[in-house]
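Next come the chains, spelled out residue by residue.
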Amino acid sequence: TIPTTDALNFLSAYKNEDNYTVSVEIASGISRLEQLLAKTKFKNELDTLTLSLFSPIAKNLGWEKRVDEKHTDALLRSLAISRAGRAGDKNVIAQAKKVFTQILKNEKVNPDIRGAVYSIIATHGGEKEYKILVDRYKKETLHEEKNRIGGALGDFQNPKLLKDTCVFALSNHVRPQDTVGILSGVAYNPLGRDIWWNFISSNWKILLSRYGEGGHTLGRLVKAISASPEAKHLNNFKKFFSKNEAPGAKRSIDQVIEKIEGNISWLKRDEKIIKKFFKKK
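Residues numbered from 1 in each chain as written. Predicted model: local features only at pLDDT ≥ 70, side-chain atom pairs only at ≥ 80, totals over all residues. Heavy atoms only, no water.

A. Layout of the overall build of the chain. Looking only at helices and strands, the chain has 15 helices and zero strands in total. Its C-alpha atoms give the chain a radius of gyration of 19 Å, near enough to 19 Å, the size a compact globule of 281 residues would have. When its C-alpha atoms are laid out on the principal axes, the chain stretches across 55 × 50 × 30 Å. Counting the 281 residues in the chain, one finds 50% classified as buried. (Helix = DSSP H or I, 4+ residues; strand = E, 2+ residues; numbered from the N terminus. Rg over C-alpha atoms; globule rule 2.2 N^0.38 Å. Buried < 20%, exposed > 50% of the residue type's maximum accessible area, 1.4 Å probe, protein only.)

Right under this line is the structure:
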């Protein structure tokens with residue numbers, strides 16, 4: 001892996017990038033850093049970097065589809081809005097709230113940005129927004145829209161709501177094939193990792209009876225924690241799976257262990273370098 005500061009310098013060099021493929025690379029680099037730095041003192045600095053990269057793109061592309069726009073512009077718009085909004089861009093958050101109201105009134109809203117809007121509303125929302133999204137999920141008949149809402153339920157910052165999301169994912173309001181996606185959303189949220197783990201490990205028998213007939217579902221389920229750099233997750237994970245079976249997921253479990261080990265040593269190795277980088281900024 002390349003040293004972190006090289007990656008950070010590389011990211012900083014790409015301000016005002018309007019190429020979708022490059023932007024996706026940048027976003028995935030930032031996602032990875034977010035996962036690794038979420039519980040360190042660099043979280044705010046990383047948000048500032050994210051804003052400098054994605055706010056200009058969001059502003060430039062606007063919220064409406066343009067005539068003759070490239071297909072990749074639609075994808076880039078949703079990516080930039082989501083990234084900038086979740087990192088705290090006030091204008092984007094305000095606009096997302098407006099669009100959310102339009103969605104609730106069943107006005108016509110560009111489907112490409114709906115997922116981004118739900119995600120921003122969840123990231124900066126509380127119990128009220130949670131209840132609206134869950135009700136909306138239950139009533140929604142369009143499957144794609146259900147998935148957009150389900151994906152946002154893991155973005156709340158309140159631990160109680162993240163616990164509720166796990167319980168909801170296993171309820172009869174959610175099709176078994178969609179449960180894992182919603183649960184994984186909680187694990188991708190650094191504030192949800194412990195909650196996800198407690199839920200998965202205490203409901204393992206249920207999950208096993210549901211998904212234990214081989215297939216890739218259990219593997220997909222356990223992989224959700226692989227971005228964590230926390231030693232406790234590594235230890236809990238190892239301990240749990242030395243005692244509990246996971247048919248067809250052996251390889252995924254080994255990969256998760258290897259990934260978390262890598263993340264832990266990465267953070268140890270590069271923490272000083274990152275500090276230096278953000279000090280210079």
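Once you've had a look at it, read on.
B. Structural detail: helix H15 (residues 250-280). Helix length check: H15, at 31 residues, gives a terminal C-alpha distance of 44 Å against a target of 45 Å (1.5 Å per residue), a fit within 8%. If you look at H15, its biggest bend is around 50°, right at Asp270. (Expected span 1.5 Å × (residues − 1). Bend = angle between axes of the 7 residues up to and from the residue.)

C. Inspection of the nonpolar core at higher detail. Membership of the largest hydrophobic core comes to 86 residues, with the highest contact counts inside it found for Phe54, Leu183, Trp196, Trp204, Phe237 and Phe241. For this core, the leading source of residues is H15, giving 10 residues. Here Phe54 is in contact with Ser23, Ile26, Ala27, Ile30, Leu79, Ala80, Arg83 and Ala84, once residues within four sequence places are set aside. (Core = buried A, V, L, I, M, F, W, Y, C linked by side-chain atoms within 4.5 Å. Contact = heavy atoms within 4.5 Å.)

D. Representation of the side chain of Ser226 in the model. Tracing the backbone through its elements, the reader meets Ser226 in the loop between helix H13 (217-223) and helix H14 (231-243). At 2.7 Å, the side chain of Ser226 forms a polar contact with the backbone oxygen of Lys223. When near neighbours in sequence (up to four residues on either side) are disregarded, Ser226 contacts Val256, Lys259, Ile260 and Asn263. (Polar contact = N/O pair within 3.5 Å; in protein donor to acceptor, adjacent residues only side chain to side chain.)

E. Just helix H1 (residues 4-12), in detail. Here H1 has its buried residues at Thr4, Thr5, Leu8, Leu11 and Ser12. The buried residues of H1 occupy an angular sector of 120° when projected down its axis, which confines them to one face. Check the buried side of H1 and you find it contacts helix H2 (20-37), helix H3 (43-61) and H15. (Arc of directions from axis to C-beta.)

F. Quick peek at the pattern of salt bridges. Considering all chains together, one arrives at 18 salt bridges under this definition. Arg83 serves as the salt-bridge partner of Glu34, at 3.2 Å between the closest nitrogen and oxygen. A residue pair is termed long-range when its members are at least 10 positions apart, and Glu34 in helix H2 and Arg83 in helix H4 (residues 71-86) qualify at 49 residues. Glu34 gets classed as partly exposed once you look at its relative accessible area, which sits at 26%. Assessed through its relative accessible area of 15%, Arg83 is described here as buried. In this structure, Glu145 engages Arg148 in a salt bridge whose closest nitrogen and oxygen atoms are separated by 2.4 Å. Here Glu145 pairs with Arg148, and both are found in helix H8 (residues 143-152), just three residues apart, close to one helical turn. (Salt bridge = Lys/Arg side-chain N within 4 Å of Asp/Glu carboxyl O.)

G. Fine view of the packing of aromatic side chains. In the structure shown here, the tally under the stated rule is 13 aromatic pairs. Taken together, Trp196, Trp197, Trp204, Phe237, Phe240 and Phe241 form an aromatic cluster joined through their ring pairs. The side chain of Lys146 reaches across the aromatic face of Tyr137, ending 4.5 Å from its centre. (Phe/Tyr/Trp six-rings, centres within 6.5 Å; stacked < 30°, edge-to-face > 60°. Lys NZ or Arg CZ within 6 Å of the ring centre and 35° of its normal.)

H. Spatial organisation of the packing of H2 against H15. Where H2 contacts H15, the two axes come as close as 11 Å, and the packing angle between them is 95°. Comparing the axis directions of H2 and H15 gives the class roughly perpendicular. Across the interface between the two elements, Arg32, Leu33, Leu36 and Leu37 from H2 touch Asn263, Trp266, Leu267 and Ile274 from H15. The class makeup of the residues in the contact of H2 with H15 is six nonpolar, one polar and one charged. (Axes fitted to C-alpha atoms, helices over the stretch in contact; angles between N-to-C directions. Parallel < 35°, antiparallel > 145°, perpendicular 65-115°, else oblique. Nonpolar A, V, L, I, M, F, W, Y, C, P; charged D, E, K, R; others polar.)

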